[in-house]
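# Structure at a glance
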Amino acid sequence: MTDFGFTLSRSSTLDLQKVDEGRFEQLCRLEKGAAVCIGCGSCSATCPAGSLSGMSVRKILLAVRRGQDIHRMLQCCMLCGKCTMVCPRGINTRHLILSICSIYD
Amino acid sequence: MTERFTTGFHPFVIPFLAGMVFVLGVCLIKAVIAVRELDGTDRKKWFLSLLHPNLIVKNTIDIILDCLIHVRLWKRNRLLGFMHSSIAFGWFMIILLGHLQVLMFFPERLGTFYYPIFFDYFIEGGQHTWISRIMDGFLILVLAGISLAIIKRFWSRIFGMRRTTRPTLYNLIGLYSLWAIFPLRFLAEQCARAGDLSVSLWWAYSIALCIFMVVLPFGRYLHIPAEMLLITFRNAGVGITRPHKGMARVQADSCPNCGVCIDACPMNADPANLKDSTVYLTRQFRRGNRERVREISDKCLLCGKCTSVCQVGVDGPRLRILARAARKYNIAPDFSDAGTATVVRAENKVLYFSGCMTALTPKTGRSVESILKKAGIDYEWMDRDGGLCCGRPLHTAGRLKEASQLVRRNEELIIGSGAAVLLVSCPICYREFKENYRLPGIRVVHYADYFCELMDKGLLCFEKSDACYVFHDPCELGRGCGIYETPRKLISKAAGIAEAPKNREESICCGGSLGSLSLDFSRREKITRASLENLYGSKADAIATACPLCLATFSRYSDRPVKDLAQIIDEQTEKI
Ligand code: SF4
Ligand code: SF4
Ligand code: SF4
Ligand code: SF4
Ligand code: SF4
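Here we summarise the structure given alongside this text. Residue numbering note: each chain is counted from 1, following its sequence as written. All chains are assigned letters beginning with A, and all ligands numbers beginning with 1, in the order in which they are written. Local features in this predicted model are restricted to residues whose pLDDT is 70 or higher, and side-chain atom pairs enter the listing and the counts only when it is 80 or higher, whereas totals over whole chains, interfaces and linings include all residues. Processing note: side-chain calculations cover all non-hydrogen atoms of the structure and skip hydrogens and water entirely.

### Comments concerning the site of ligand 1
In plain terms, the rule: Nearness is judged by heavy atoms alone; a residue qualifies as near a molecule or strand once a single heavy atom is within 4 Å of it. Gly falls in the polar group here, along with every residue not listed as nonpolar (Ala, Val, Leu, Ile, Met, Phe, Trp, Tyr, Cys, Pro) or charged (Asp, Glu, Lys, Arg).
Not every one of the 13 residues close to ligand 1 is listed here, only the nearest: A:Cys47, A:Cys77, A:Cys80, A:Gly81 and A:Cys83. Among the residues forming the shell around ligand 1, the class breakdown is 11 nonpolar, one polar and one charged.

Structure (structure tokens):
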């Protein structure tokens, strides 16, 4: 292919085959907070692991529902709790993260 | 004084002897199991400690003071102390003197074991010796203790205890048999001395003893032998290293369910958490109820208050951290490539580590910086633009391996900086640095201690304000690291200071602790409010603390201003 010197960003089309509400429901049973996230992104803004692995609780919750890979993001979470402190919905994000770590294989 | 029977035997001694053999056997097996569960090095340490003359003396003294006289309980609650020590010490003295008496007057009967227990039945006129008189005194003492125990059982409030545990049926059997032993002994002795040799009372006495000894190894009374083992473990320096095993098992077994930790636990500001204090943890440990152990372990704030009030020294937080560590997660963090953080150079300077939390209370960091500048200290701020976490949150969540990855990575960064002093403003990080980091040649210091030194050296010039502060001891700084005085010294230089009703070792957690995994913030408001109520109990008009998390947590609900100690110092000092 001719190299024009610029590229398009990779498509992030959802693969509906992979959408996994079962996982998400399982998660909600362990941590009810998963269901009340409003996607405000406060957690992403404050997360010190964001620069290391793109970690963000908001994105993780989306990724769980979409069946996308979450391992990379979770790998750098230090459980520092900053996201818990800023979450306007009062979600116990640390428990949420630990619960996600326990339901995947 | 003569023996009444040449045989020196009656069948009623059999229940007693059977119970005795049973209890000794089971306790021995349990002790062997616990010792075998220790780590190799700990086990060796323990064996050696049993031979070390100083430690033998220390073990003996500690066992007498803690198990028999209950000194620590006396300090906490005199009535409870009297109750426990009169029963334990009185009973011990009766056994000891009883054997002495047999040894002195009928040495050939010592091998029967039961002679001292049923002395007045086998011996005519035994009550006239001086030993018998002293023993009668001790029996009265025990009876007084038992009466108090009966009163406490039905009316615990006069002991100043708001809440106690409810014993299980099994423990109730033990309890009632214990209550029965001494009155029965008293009656049987009095009858025998009056010449009435009917054996029914002696049978009852022997059977009560037997029941007590049979239930002992399986209920709360196991604490009697377990505490002795615990004391030797502790003096040998054995730590809790495995969940449910070794030292963890002995600590759980040593808890007499006294319930002192229930009223102390800050979680109990919310009745929903009533069954999650350490006494319930030890109870569920013993029952092997994994589900409840998990719940109780996850909920706790790890504030350490139960340990500071516990007269046995059960380390509730440590037991819980290891219970958490026993859990399997399928995804594990991996920080091996978290190498992007750049090494700050700070040759021989002060390196300031503010920690993740301080990023959310930026005034603290700025104040620390400003004070350092005023005092003319050469410093570098290690994580001004973000850095790695100290590892404590992972550690308390039970993810020990992952935490140590972070610790090793931070060690490299700190040692690589060439700093001479690591200055920390968050007590949560400070504790992790103190306990789990190896930083040879680098002094780790919390700013309260450090600024106090600067003040003593005359590098900080204070101007006292009219405000009056009450200092909230953050759990990790106070109970965690033992820093109580320097913050107070600094505040009293900068402003007025008042004390809350509960302070220092008894300070009440703000409720924001990262220690708890399962408590949502919505369920912590009551805890925070209870902690604030305690602080409002002083005559101060503002609250000072020295932990970014306490600051953030209190600020949500407090109707008085809350400030970090560094901020107060900064406001009240000038550049010299
Ligand atoms: S706990 Fe994890 S996700 Fe939350 S802010 Fe800290 S590193 Fe980010
Ligand atoms: S801060 Fe809370 S509500 Fe906002 S995106 Fe994160 S988890 Fe959701
Ligand atoms: S550590 Fe604190 S919160 Fe946990 S049980 Fe003990 S007193 Fe309660
Ligand atoms: S843990 Fe300590 S304070 Fe709590 S019931 Fe047991 S012995 Fe008492
Ligand atoms: S936030 Fe402060 S008071 Fe609360 S647990 Fe942590 S250190 Fe203790």
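Alright, that's what it looks like, and here's the rest.
### So, the sheet that holds strand β6 (residues 443-446) of chain B
All names here are of chain B. Condition: By definition, two strands form a pair when at least two bridges between them are found by DSSP. Labels follow the DSSP assignment, with helices taken as runs of H or I lasting at least four residues and strands as runs of E lasting at least two, numbered in each case from the N terminus. Think of each axis as a best-fit line through the C-alpha atoms, taken over the contacting stretch in the case of a helix, with angles from 0 to 180 degrees between the N-to-C directions. Whether two residues are in contact is decided by their heavy atoms, any of which lying within 4.5 Å being enough.
Pairing is parallel across the open sheet formed by four strands, whose spatial order is β4-β3-β5-β6. Where the open sheet ends on each side, the last strands, each with one partner, are β4 (379-381) and β6. Between one strand axis and the next, the sheet turns by 25° as a mean value, whatever way the strands run. Note: strand β3 (residues 350-353) against strand β5 (residues 421-424), four bridges, orientation parallel. When the sheet's bridge partners are listed, Tyr-352 is paired in β5 with Leu-423. Sheet strands touched by helix α21 (residues 427-436): β3, β5 and β6. Its angle to β6, the strand with the most contacts, is close to 155°. Across the sheet, helix α22 (residues 447-456) touches β3, β5 and β6, and the angle it forms with β6 is around 90°.

### So, empty space enclosed by the protein
Residues and elements named next belong to chain B. We apply this condition: A cavity here means a set of points on a 1 Å grid, drawn over the protein atoms and nothing else, where a 1.4 Å probe fits but cannot get out; a pocket is an open set with protein on both sides within 12 Å along at least five of seven lines, and a residue lines either one if it has an atom within 4 Å of a point. Grid points are joined across faces, edges and corners, and a volume is the space filled by probe spheres set on the points.
If you walk through the whole model with that rule in mind, you get 12 cavities of 30 Å³ or more. One number sums up the size of the largest cavity: a volume of about 190 Å³. Lining the largest cavity are 18 residues, with Ile-428, Glu-476, Ser-513, Leu-514 and Leu-549 sitting closest to its centre. Broken down by secondary-structure element, the contributors of at least two residues to the lining of the largest cavity are α19 (392-396) and α25 (548-557). Residue contributions to the lining of the largest cavity peak at three residues, all from α19. The residue makeup of the lining of the largest cavity, split by class, is 13 nonpolar, three polar and two charged.

### Thoughts on the pattern of salt bridges
All names here are of chain B. So the rule is basically this: One speaks of a salt bridge when a side-chain nitrogen belonging to Lys or Arg is within 4 Å of a carboxyl oxygen belonging to Asp or Glu. Three exposure classes are used, based on accessible area relative to the maximum for each residue type with a 1.4 Å probe and protein chains only: buried under 20%, partly exposed in between, and exposed over 50%.
One pass over the structure, following the stated rule, counts 38 salt bridges over all chains. With a shortest N-O distance of 2.8 Å, Glu-476 and Arg-431 are connected by a salt bridge. One end of the pair, Glu-476, is in the loop between β8 (468-471) and α23 (485-494); the other, Arg-431, is in helix α21, with 45 residues separating them in the sequence. With relative accessibility at 13%, the residue Glu-476 sits in the buried group. Bridged by salt links that share partners, the residues Asp-120, Asp-136, Arg-185, Glu-189 and Arg-193 form one connected network.

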